[in-house]
Amino acid sequence: MSMLEIRGLHANAGNKPILAGIDLTIEAGEVHVLMGPNGSGKSTLAAVLAGRSDYPIIRGSVRFDGRDLTELEPEQRAREGVFLAFQYPVEIPGVNNNYFLKASLNAVRKHRGLEELDAIDFLTLVREKMKLVEMPEELMSRAINVGFSGGEKKRNEVLQMLLLEPRLAILDETDSGLDIDALRTIAAGVNALRSPERSLLVITHYQRLLDHIVPDKIHVLSGGRIVRSGGRELALELEEKGYGWLEGGETAHE
Amino acid sequence: MSEPRWLQTLRGEARASFETLGLPTSQLEDWRYTARALRPLGELELESAACAEPSPDRGVLEEIASPLFACSEFAFVDGHFDEALSTPRGLSGDLPVRSLRALIDDESDSLAGALGQLARPKEDAFAALNTAHFEDGALVHIARDRDIAQPLHLVFVTRDRADGSTHPRIAVRAEAGSRATLIVDFVSAGDGRCFTNSLLEIDLAENAELDLVVLQRECNAALHVSRTYVRQGRDSRLRAHTLTLGGRSVRNDLEVVLADEGAEVVLNGLFLGLGEQHIDNHTLVDHAVPHCTSRELYKGVLADRARGVFRGRVVVRPDAQKTAAEQSNPNLLIGDRAEIDTKPQLEIYADDVRCSHGATIGQLDEDALFYLRARGIANDPARLILIQAFAAEISDALPAEALGERVREMFLQRLAGATA
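1. Observations concerning the overall build of chain A
Along chain A, the regular secondary structure elements total seven helices and 12 strands. At 18 Å, chain A has a C-alpha radius of gyration in line with the 18 Å of a compact globule built from 254 residues. Based on the C-alpha atoms only, the size of chain A along its principal axes is roughly 55 × 40 × 35 Å. For chain A, buried positions account for 44% of its 254 residues. For chain A, restricting intrachain contacts to residue pairs at least 6 apart in sequence, the fraction spanning at least 24 positions comes to 71%.

Put into structure tokens, the structure is as follows:
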């Protein structure tokens, strides 16, 4: 059974049609990279997979581990192991980051039949994961993402991913706006998560991430459809030629 | 009934004022939105009812008041000070809180100038009613340079006496250089309809500092009107926290006169309206002299069919140069049947001032809600987290951390019990 199986997916952002027939299969243990020009539908696909109600599905199916993902509420998806690292992590004044991460982790653990962590065990775990993403500890006592730099917000996303140990992680341009050190740290976090039971869908604009994360497959999205799929060599081709040569609508199938 | 002559005169005048004024109607601008919500007062016995029942036992009181503290320091039952239930702790020297009734019966000199100096019963029906009918209450006297670390907790318990009224009266005299924290807490021991009409007069002398917390958490049938009058002397500092969590219809008026230079006031407010609750906060900050500062932040959360009213006036008199005044009233409406009428109002007659004001009405941030849900937190708890976060700015600013925690808990408990 595939980890993720998307068939003929049409979806809107609000009432604007964006996805125009996506077919994508990701097996357990695979890392896929999704590239494509602005407005091609990358973030819409991420939002649809995470369950945003303002991104309605018009047609098609999404199966996660054989189950119809579209029937699940966003929190159920998260508990089942779908994780979206947001392109623009939301600032939430008044909600302590530490409190939030603990509530989140315990909600997920409870669902998985694990014991909820108390404050001390949680702190031990979160400290260990923070080291991996080189996140200053003082960010835990602040409100969620409030006053965080762009890089700190992205580290916070990866920290959450490491804590929740999802089975399918979708990273929506987590590498955008990062300097090379931050990029390396984020990539290390992603690589730490790689395992035969886990799949990743990495959405990016930049080839440079591929210096640090070695994908199994690369897809190019254009006009709401996957127009090309291939291995690493596709990234090099894109680097050379840009996206222009793809926009004629040449479609590649598996 | 042999009260001192001066008090008899005060009461007689107040009774006459109430007869002239009558209960407010919605024709009066200040009562436009709230006169109707208080209409049931017409059916109630407005004089203080005689207290025939024996005192509740200590366990009962602790159960009611204990969400706040381990036990209450100064207890008033149906408006009457209950010495047996009061356990002033952590206080050395003279007790700073005394029963008004006891002082009146003793014809004590310490009452001189403590009652009726700031309230204006001629203009206000509820001030008149309180003055005419108060039975008991507290004189809070913080002597010169005295610094009382232990919060003074006054709890007013109303028992389930159908349609009765109480008129708690509190006079605070904070002498020069003193510091104290005063918590005035209104609770119900039942769920019957009753009316609490409280009146506080607070006089802060030079360089005095007071944290005042007024916590209203009576039952859903309670009617509550509160009048608070403050006068601040030179370099005095007041932080007032007005928290309204309970009651069917509540009207709070808080009036602060910054009467001498260097005085600073912070007015924080939080009101949570659920079900059919009606909560009205009126505030007035009077910058009468130069070089004073006022900062006001009232936050409203209204759900179901609740209705909120906020009217905040800041007056800067012609002489009050170098005034700094801020006022804001953000509101959160949950659902589409809740309502708020807000009117911040600046009246500036001086030219060298820094003043700002504003009000907002918003709903829960859908992006924030989705973010929490995308991390596994279910819709209802995620909403509670966000509503509490909105209120956190007020609960975090409370004088004692433990108090902030209790208020957060109470706030959440009420919210969680409501239809979201």
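2. Some words on the pairing of strand S4 (residues 57-64) of chain A
All names here are of chain A. Sheet topology places strand S1 (residues 4-13) next to S4; six bridges connect them, and they run antiparallel. From the neighbouring strand, Ala11 faces S4, where its bridge partner is Ile57. Pairing geometry for S4 and strand S5 (residues 67-68), over two bridges, is antiparallel. Each bridged residue has a counterpart across the sheet, and for Arg63 the counterpart in S5 is Asp68. Adjacent in sequence and paired antiparallel, S4 and S5 are bridged by two residues, among which Asp65 carries a positive phi angle near 55°.

3. Quick notes on the interface of chain B and chain A
A common way to state how big an interface is: give the accessible area lost once the parts meet. Each side of the interface is counted separately: chain B has 16 residues, and chain A has 18 residues. Looking at the side of chain B that touches chain A, the elements with two or more residues in it are helix H5 (366-373) and helix H6 (379-395) of chain B. Sorting elements by how many residues they give to the side of chain B that touches chain A places H6 of chain B first, with six residues.

4. Some details on the sheet that holds strand S3 (residues 31-35) of chain A
Residue and element names in this part refer to chain A. Strand order in the open sheet made by the six strands is S6-S9-S10-S3-S11-S12, with mixed pairing throughout. Looking at which strands have only one partner, the edges of the open sheet turn out to be strand S6 (82-85) and strand S12 (225-230). Ignoring strand direction, the axes of neighbouring strands in this sheet form an average angle of 20°. Across four bridges, the pairing between S6 and strand S9 (residues 168-172) is parallel. Within S9, the residue paired with Ala85 across the bridge is Leu171. Contacts from helix H1 (residues 42-50) reach S3, S6, S9, strand S10 (199-203) and strand S11 (217-222), with the element oriented near 140° to S6.

5. Quick look at the confidence of the model for chain B
Residues with a pLDDT of 70 or more make up 95% of chain B, whose mean pLDDT is 92. Model confidence for the complex: the whole-complex pTM is 0.90, and ipTM, which rates the interface, is 0.95.

6. Points about the sheet that holds strand S14 (residues 264-273) of chain B
All names here are of chain B. Read across the sheet, 10 strands follow the order S2-S1-S5-S8-S10-S12-S14-S16-S18-S20 without closing on themselves; strand pairing throughout is mixed. The open sheet has two edge strands with one neighbour each: strand S2 (80-81) and strand S20 (354-362). Of the pairings in the sheet, the one linking strand S8 (residues 179-188) to strand S10 (residues 209-217) comprises nine bridges and is parallel in character. Paired with Leu182 across the two strands is Leu212, which belongs to S10. Here H6 sits on the sheet in contact with S14, strand S16 (293-302) and strand S18 (324-333), set at roughly 160° to S16.

7. Here's the deal with the confidence of the model for chain A
The predicted model of chain A averages 91 in pLDDT, with 96% of residues at 70 or higher. Scored below 50 in pLDDT, residues 249-254 of chain A makes eight contacts in the model with residues more than four places away or belonging to other chains.

8. Let's talk about the packing of helix H3 (residues 97-111) of chain A against helix H5 (residues 150-164) of chain A
Residues and elements named next belong to chain A. As a packed pair, H3 and H5 sit with axes 10 Å apart at the nearest point and diverge in direction by 30°. Taken together, H3 and H5 sit at an angle that is classed as roughly parallel. Where H3 crosses over H5, the two elements pack in a sense that is right-handed. Only Gln160, Leu163 and Leu164 of H5 make contact with H3, whose side of the interface consists of Leu101, Ser104, Leu105 and Val108. Its residues placed into classes, the contact of H3 with H5 shows five nonpolar, two polar and no charged.

9. Observations concerning unusual backbone geometry
Backbone geometry places Glu134 of chain A, a non-glycine residue, at a positive phi of 50°. Non-glycine residue Asp145 of chain B carries a positive phi angle of around 60°. Looking at the secondary structure, you find Asp145 of chain B in the loop between strand S4 (137-142) and strand S5 (152-158).

10. Details of the pairing of S3 of chain A
Residue and element names in this part refer to chain A. Of all the five residues making up S3, five are buried; the element is thus mostly covered by neighbouring parts of the structure. With burial as the criterion, each face of S3 is covered, one bearing Val31, Val33 and Met35 and the other bearing His32 and Leu34. By the bridge criterion, four bridges tie S3 to S10 in an arrangement that is parallel. Across the sheet, the residue bridging to His32 is Leu201, located in S10.

11. Some remarks on helix H4 (residues 119-132) of chain A
All names here are of chain A. Taking 1.5 Å of rise per residue, 14 residues should cover 20 Å, and H4 covers 20 Å from first to last C-alpha, within 8% of that figure. Sparse coverage of H4 is indicated by the burial of one of its 14 residues. Positive phi appears at Glu134, one or two residues downstream of H4, with a value of about 50°.

12. Things to note about H6 of chain B
Residue and element names in this part refer to chain B. Its 17 residues place the ends of H6 23 Å apart at the C-alpha level, agreeing with the 24 Å of an ideal helix rising 1.5 Å per residue. Along its length, H6 shows its largest kink, about 35°, at Ala389. Those residues of H6 that sit buried are Ala382, Ile385, Leu386, Ile387, Ala389, Phe390, Ala391, Ala392, Ile394 and Ser395.

13. Considering the environment of Glu206 of chain B
Here Glu206 of chain B lies in the loop between strand S9 (195-204) and S10. In this structure the C-alpha to C-alpha distance between Glu206 of chain B and His287 of chain B, which are 81 residues apart in sequence, comes to 16 Å.

14. Some thoughts on the packing of H4 of chain A against H5 of chain A
Residues and elements named next belong to chain A. Remark: H4 packs on H5, axes separated minimally by 9 Å, with the N-to-C direction vectors making an angle of 130°. Put simply, H4 runs oblique to H5. Crossing hand, H4 versus H5: right-handed. Here Val126, Lys129, Met130 and Leu132 of H4 come into contact with H5, specifically with Leu159, Leu162 and Leu163. Residues of the contact of H4 with H5, tallied by class, amount to six nonpolar, no polar and one charged.

About the criteria used
For every chain, the first residue of the written sequence is number 1, and numbering continues from 1 along that sequence. Each chain takes a letter, starting from A, and each ligand takes a number, starting from 1, following the order in which they are written. A pLDDT threshold of at least 70 governs which residues receive local features in this predicted model, and a stricter bar of 80 or more applies before side-chain atom pairs are shown or counted, although totals over entire chains, interfaces and linings include all residues. By the criteria applied, helices consist of DSSP H or I runs no shorter than four residues and strands consist of E runs no shorter than two, each listed in order from the N terminus. Between the two quantities, the radius of gyration covers C-alpha atoms and the globule rule is 2.2 Å times the number of residues to the power 0.38. Buried residues are those with 20 or more other C-beta atoms within 10 Å of their own C-beta, exposed residues have 12 or fewer, and partly exposed residues lie in between; C-beta atoms are placed from the backbone. Remark: residues whose backbone-derived C-beta atoms lie within 7 Å of one another are considered to be in contact. Strands were regarded as paired on the criterion that DSSP finds at least two bridges between them. Simply put, an axis is a line fit to the C-alpha atoms, just over the touching stretch for a helix, and the angle between two N-to-C directions goes from 0 to 180 degrees. Every residue carries a pLDDT, the predictor's confidence in it, which falls somewhere between 0 and 100. Roughly parallel here means an angle under 35 degrees, roughly antiparallel means over 145, roughly perpendicular means 65 to 115, and every remaining angle is called oblique. For a crossing to be left-handed, the near helix must be turned anticlockwise from the far one by less than a right angle; the clockwise case is right-handed. Three residue categories are used. Nonpolar comprises Ala, Val, Leu, Ile, Met, Phe, Trp, Tyr, Cys and Pro, charged comprises Asp, Glu, Lys and Arg, and polar comprises the others, including Gly. A helix is expected to span 1.5 Å multiplied by its residue count minus one. Bend at a given residue is defined as the angle between two axes, one fitted to the seven residues that end at that position and one fitted to the seven that begin there.

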